[in-house]
Structure formats: structure tokens, C-alpha cells
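Analysis of the macromolecular model
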Amino acid sequence: MSNLQVLLVAGTHGNEINAPWVFNQWKENQDLIDRCGLKVISVIGNPLAFEKGTRYLHRDLNRSFSLDLLNSEKNTDSEISRAKQLLALYGPSGQNPSQIAIDFHSTTACMGSSLVIYGRRPVDLALVSLIQNRIGLPVYLHEGNSSQKGFLVEAWPCGFVVEIGPVPQGSLNSRIIQQTFQTLKICLEEISKSITSKSCFPEKLVVHRHLKSIDFPRDSSGQPIAYIHGDLEGKDWQPIKNGYPLFEYLNGDIVNLCDNSFIDEVFPVFINEAAYVEKNIALSLTKKEVWRFDDCWRDAFYALINS
Ligand SMILES: [Zn+2]
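This is a predicted model, so every value here is computed, not measured.

1. A look at the nonpolar core
- Residues Ile 100, Ile 102, Leu 115, Leu 127, Val 139 and Phe 160 are the most contacted members of the largest nonpolar core, which totals 78 residues.
- No other element matches the seven residues that helix α5 (residues 122-135) contributes to this core.
- Mapping this core onto the domain boundaries places at least three of its residues in each of domain 1 (5-207 + 292-305) and domain 2 (211-286).
- Sequence-distant contacts of Ile 100, that is, excluding residues within four places in its chain, are made with Leu 4, Val 6, Leu 7, Trp 156, Cys 158, Gly 159 and Ile 191.

Okay, structure coming up:
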């Protein structure tokens, strides 16, 4: 029998309350979700922020897992302490080690359900291939963005984020709850199947590879002076080309997409995500790529779950 343990995290951002709600209901009624024979631990990522209904207290927990922050003795931010605590408890070398971490988030953008991976770890590519093959979720490959690092799942050998939206921060929503619930169940089923060697790996993986993020036009004091153009609002995952309107000023002036490095269409994501205004991100642009499934991804995944 595999020693694999799966760590499920919700409320890494304290104002994203749908997944924590599902986790709490699950705690009350263990029959709600079949663990499929897996060892599973579910935790609230940032319980102090969750209690206060705020994204974080001192800093974004989901940018607090970089080595320089984890190794800093002087930093007393509560999120750094929590990152260290989560790793001490459930990290790959922790007291109760987990090998896979799945981090459930919600977004205010019209993203539907999607999976986010950080870099190209073969084990992650194998696992999201299984889930995409089962329910067709888009996979956002976040890489090459040095200003955004220290994501929670990167501190575990395998892991990804589940993003579900749109939903306002701090608001329970029936569709988001159901999508969270279903995605959680399918993740566990697919991991369990891989242990019993019944996995059906696809021939291809479709990724939306991160190209760049774009900030709002701002004035000298840093305030946004234009808003997302009405034609772009809600167009997450839909192709746009150079010349497509991105922002509009109150006087009617328009800022169009204009980047000569884009030959083909690009796919915007996290359009107008409320939490990203502070990160100077109005939207991110991705390139859709179809990758051939590489057997080394499967081999690395099997090596992990049988380790
Ligand atoms: Zn989040």
C-alpha cells in the first residue's frame, strides 16, 4: 500500500470562503466526500485571516514559501510563521508528511474552474493531465514571473492550485461551492486510481502558458486612471489579438493591446481580479499550447506515489 498522503488546503486567502466552507461541512459529515482509500489531511491555510475575513494579516501567505522568507529569522509576519508551521506539520519532511498539496482558491474573475501549476515539474504535469483528461479544465502554467514567487504548492513535491470563479470575496455561492466540491472529489479519485494503476493518461495536455501581466494605467500617485474595457470584461480564456481594447478612460480614450512580440492570438486570464490590484496586475496574458504527453511525467508521478 502506498504511503502517499494528500494535503488539501483552503482559505490560504482568508476572504476566499467557499472552499473552507466545504471543508468545514466535510469535517462535520465525513461521508460527504469519499477519500477513495487515500490518506488525506484538510486544513485552513490562513486561519487568522479567515477569522477576520481578510485576505491576509501581514503579507500574502501564497507568496510566503520562498526559501529566503522561510529562512529569515527576523521576519515576524504571521504568514511567514504560518508557512513554517504548515511545512513543519505537513511538509515533505514534516511530522506528518504529505507528498501532494492541492490548494483551493476562488477568484473574482470569470475564470470558471481551472488548475494552476508553477513551472514544469513532471509530477505536476502528470497529475493535471489526468484531471484535465477527466473533466477538461484549463491549465494555467505560471512561470517566468520573477515578481511573483513563493507559492504554497511549490513547497511540496507535487501540487497545484484549483481556482474557481467568479465569486466576490467573502461571499458563499452555490455554483462555486458545487464546483469546489466536484473538483475536490475528482482530484481524490484520480490520485487514488493512479495508486491502483487504473490511470488513463491522455496523449496531450493543453496548457495556457503565462506570457506577461499588464497593470492598469495609473497616475503619479499610483491610482488607476482607466478601467477594464467593457469588451474585455468577462472574456477570460477567450482569444484576443493586437488591437483589442484593454482599458478605457472616462473621456472615452482607449488603450488597445499592442505588443509586437505577439504574432498570434493570446488568451487573457484573471481579468480584473480584485485581489491583484495591489499586485499591479489588471490581467495576465497566456499562450495556448498543446503538449504531447511525455511518459517521463507518468514515470515521475508513479515514483512519487510509490515512494
Ligand atoms: Zn486565492
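2. Topic: the sheet that holds strand β3 (residues 100-106)
- An order of β2-β1-β3-β6-β4-β5-β7-β12-β11 is seen for the nine strands of this open sheet, with the pairing classed as mixed. Every other strand in the sheet has two partners, leaving β2 (39-44) and β11 (267-269) as the edge strands with one partner each. Going across the sheet, the axis of each strand differs from the next one's by a mean of 30°, ignoring polarity.
- As paired strands, strand β1 (residues 5-10) and β2 are joined by six bridges and run parallel to one another. Bridged to Gln 5 within β2 is Lys 39.
- Most of the contacts of α5 go to strand β6 (residues 158-165), to which it runs at about 40°, and overall it touches β4 (112-118), β5 (139-142), β6 and β7 (204-214).

Rules behind the numbers
- Residues numbered from 1 in each chain as written.
- Predicted model: local features only at pLDDT ≥ 70, side-chain atom pairs only at ≥ 80, totals over all residues.
- Core = buried A, V, L, I, M, F, W, Y, C linked by C-beta atoms within 7 Å.
- Buried ≥ 20, exposed ≤ 12 C-beta atoms within 10 Å, placed from the backbone.
- Helix = DSSP H or I, 4+ residues; strand = E, 2+ residues; numbered from the N terminus.
- Domains from an automatic or database assignment.
- Contact = placed C-beta atoms within 7 Å.
- Pairing = 2+ DSSP bridges.
- Axes fitted to C-alpha atoms, helices over the stretch in contact; angles between N-to-C directions.

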